[in-house]
Amino acid sequence: MMPKQDVIPEQTAVSWPIVMSVSMAGMRRRFSRAMITMVGVVLAIAFLCYMLLNETFVQSMIAEGSDDLNILLQNANVDILSGGGTDQMTVLLIGLTLLTSLVGIINAMLMAVTERVREIGTLKCLGATDQFVVRTYFVESAVQGVCGSALGMVLGLVVSMVVNLKTYGWFALKTFPAGGVVVALLVSLGAGAVLSVVAAIIPAYMAARKQPVEALRVEE
Amino acid sequence: MSETEYLKDAEEREEDIVIRAIDVKRHYHGMDGNVTKALDGISLDVLRGEYLSIMGPSGSGKSTLFNMIGGIDSPTEGMVFIDEIDVAQLDSYELAWLRCHKIGYIFQSYNILPVLTALENVTLPMVFAGNSPNEAREKGMAILETVGLGDRALHRPFEMSGGQQQRVAVGRAIANDPVIILADEPTANLDVHTGEEIIELLNKLRDERGITIISATHDMKMLDVSTRILWIRDGKVQRLEERKNLNIEIGRIESE
Ligand SMILES: Nc1ncnc2c1ncn2[C@@H]1O[C@H](COP(=O)(O)OP(=O)(O)OP(=O)(O)O)[C@@H](O)[C@H]1O
Ligand SMILES: [Mg+2]
């Protein structure tokens, strides 16, 4: 009387552009929240970028080997013999800054999940798969991370240029380490992107686990 | 389809069962070890194309029953078949497919996605179903016309009244031509007039498209358009009656 239907197709995956547009719509609506999360990334990446750039600048100037420049370097407390390498404390500081910003993004994303429980439930009632929910959270985090990193990168570059020009004058331009600068910028951008994607793992997993029943929860 | 046409004969009915619940129980285990029997053994056949209203006092288990027959929660005991599919056998991707293609949900608090426009809300289920954005947009516009919001396609929820939001929700519910619409107190947050419009809209969809409507309600107007009415109390079926057998005046049913 009740013939069992054997074949139920699997819900098709939603394409990335659609995931993107849903994520972006969400971020546009919660723009100020996204901005605050991004500021954390901007500062951390600016700091990282600034330190990386300074190191390439200094190394390139030491390699120049000019006496005038060496005096300037000594005045700036650079240890010429050790090659101007960044000391351990600085590395630790950079690490801590990145970690803080990681925790910041995780926190913001977790709040976004809690805030949107009913929304996630509704999406699932409409036929969203776990995969779709996971993807929207990764996209949201990644977009914030990449935009934040790009801004941080620019900020780091500007500050570094200003400081180096002020300290070393035209030497900073004469010995401008173009290759090193590009590498430093890319490393900063990459670090920010990785940071934001890693930060999204737990929140996205939590979001995907929310049940469609949550859609019926009456909010107070 | 008229009432008499599809209620005429029991055998025909048997083939036209769209939801079958068999001895469904749902128990919630509280922190302190006590158990709430939200549903305590409900068996129910819902017929294709009918308008079933579910009544009962607050806490009687209406919403819980909806969760069970809508494939959005699983029973502690018992079985649920939706369009001949045993819901318990499905994995999460198949459940997503079922919710997407077979069922349209309408909520008391609308649940329109606040970040999306009216049109995007209506097209989202079609996108989940794998339709191309262009197809979805075209069909979405037609649906918005159907629910009387043709000129509001690009409005966002906060620019719309409750009644308009609920119309968007109705449009979203029919996006993938579902077999069933589940509406949990769809008019509870609306004024009488707006509520009536929503009920008329649902009834029109049942008439024109043969969609089965199941609705929890306290709304007497809604009982009037129903083909059958189910009363539940303490998680059990108290009474199941065809509308045409209720010759009582609408005002008096309420006092039962
Ligand atoms: N998630 C839950 N955890 C524990 N108990 C629950 C849960 N959901 C519902 N219940 C209990 O199950 C019973 C039935 O609840 P349900 O929401 O189905 O009632 P209802 O008939 O929809 O009521 P209303 O008319 O107020 O919406 C209630 O006693 C409720 O407290
Ligand atoms: Mg309820």
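Residues numbered from 1 in each chain as written. Chains lettered and ligands numbered in written order. Predicted model: local features only at pLDDT ≥ 70, side-chain atom pairs only at ≥ 80, totals over all residues. Heavy atoms only, no water.

**Student:** Help me get a handle on the overall build of chain B, residues and values and all.
**Tutor:** Across its full length, chain B carries 10 helices and 10 strands. Its C-alpha atoms give chain B a radius of gyration of 18 Å, within 12% of the compact-globule value 18 Å for 256 residues. A burial count over chain B gives 57% of its 256 residues as buried. Here the contacts in chain B between residues at least 6 apart in sequence split such that 68% fall between residues at least 24 apart. (Helix = DSSP H or I, 4+ residues; strand = E, 2+ residues; numbered from the N terminus. Rg over C-alpha atoms; globule rule 2.2 N^0.38 Å. Buried < 20%, exposed > 50% of the residue type's maximum accessible area, 1.4 Å probe, protein only. Contact = heavy atoms within 4.5 Å.)

**Student:** Report on the sheet that holds strand 2 (residues 35-47) of chain B, specifying residues and quantitative values.
**Tutor:** Residues and elements named next belong to chain B. Spatially, 2-1-4-5 is the arrangement adopted by the four strands of the open sheet, whose pairing is antiparallel. Each having just a single partner strand, strand 2 and strand 5 (85-86) make up the two edges of the open sheet. Alignment of strand 1 (residues 17-29) against strand 2, held across 10 bridges, turns out to be antiparallel. By the bridge assignment for strand 2, Arg20 is matched with Asp45. Strand contacts of helix 3 (residues 62-69): strand 1, strand 2 and strand 4 (77-82), with the helix running at about 125° to strand 1, the strand carrying the most contacts. (Pairing = 2+ DSSP bridges. Axes fitted to C-alpha atoms, helices over the stretch in contact; angles between N-to-C directions.)

**Student:** Give me unusual backbone geometry: which residues, what numbers.
**Tutor:** Backbone phi values are negative for most residues with the exception of glycine, while trans is the configuration of most peptide bonds. Residues and elements named next belong to chain B. The backbone phi angle of Asp23 is positive, close to 45°, even though this residue is not glycine. For Asp23, the position within the fold is in strand 1. Asp23 sits in the partly exposed class, given a relative accessible area of 36%. One non-glycine residue, Tyr110, adopts positive backbone phi at about 65°. The topology assignment puts Tyr110 in the loop between strand 6 (103-106) and helix 5 (118-128). We classify Tyr110 as buried; its relative accessible area is 11%.

**Student:** Residues and numbers for the interface of chain B and chain A, please.
**Tutor:** A common way to report how large an interface is uses the accessible area buried once the components associate. Of the residues lining the interface, 41 residues belong to chain B; the matching set on chain A comes to 35 residues. Here chain B packs against chain A, burying approximately 3,500 Å² in sum over the two surfaces, 68% of which is carbon and sulfur. Inspection of the region where chain B meets chain A yields zero salt bridges. For the interface between chain B and chain A, the tally reads three residue pairs in polar contact (both at pLDDT 80 or more). Here the side of chain B that touches chain A gets eight residues from one element, more than from any other, and that element is helix 4 (residues 92-102) of chain B. For the side of chain B that touches chain A, the residue count by class is 22 nonpolar, seven polar and 12 charged. (Buried area = accessible area lost by both parts, 1.4 Å probe. Salt bridge = Lys/Arg side-chain N within 4 Å of Asp/Glu carboxyl O. Polar contact = N/O pair within 3.5 Å; in protein donor to acceptor, adjacent residues only side chain to side chain. Nonpolar A, V, L, I, M, F, W, Y, C, P; charged D, E, K, R; others polar.)

**Student:** Residues and numbers for the site of ligand 1, please.
**Tutor:** Residue and element names in this part refer to chain B. Around ligand 1 sit Tyr28, Thr36, Ala38, Pro57, Ser58, Gly59, Ser60, Gly61, Lys62, Ser63, Thr64 and Glu185, and that is every residue in its neighbourhood. Gly59 places a polar main-chain atom, nitrogen or oxygen, 2.8 Å from an oxygen atom of ligand 1. For ligand 1, an oxygen atom lies 3.3 Å from a polar atom in the side chain of Glu185. Expressed as a share of its isolated accessible area of 640 Å², the protein-covered part of ligand 1 is 59%. Those elements that provide at least two residues to the shell around ligand 1 are strand 2 and helix 3. With three residues, helix 3 is the single largest residue contributor to the shell around ligand 1. The residue makeup of the shell around ligand 1, split by class, is three nonpolar, seven polar and two charged. (Near = heavy atom within 4 Å. Areas by Shrake-Rupley, 256 points an atom, 1.4 Å probe, with all protein chains shown as cover.)

**Student:** Please provide a residue-by-residue account of the pattern of salt bridges, values included.
**Tutor:** On inspection of all chains with the given rule, the structure shows 19 salt bridges over all chains. As a salt-bridge pair, Lys174(A) and Glu64(A) come within 3.0 Å of each other at their nearest N and O atoms. Taken together, the positions of Lys174(A) in helix 7 (residues 171-174) and Glu64(A) in helix 2 (residues 31-64) put the pair 110 residues apart, joining distant regions of the chain. Ionic pairing is found between Lys236(B) and Asp40(B), a salt bridge with its closest N-O pair at 3.2 Å. Residue Lys236(B) is located in strand 10 (residues 236-242), and its partner Asp40(B) is located in strand 2; the two are separated by 196 residues in the primary sequence.

**Student:** Outline the side chain of Arg243(B), supporting the account with residue identities and numerical values.
**Tutor:** Residues and elements named next belong to chain B. Topologically, Arg243 is positioned in the loop between strand 10 and helix 10 (250-253). Judged by its relative accessible area of 15%, Arg243 is buried. Side chain to side chain, Arg243 and Asp224 meet in a polar contact 2.9 Å long.

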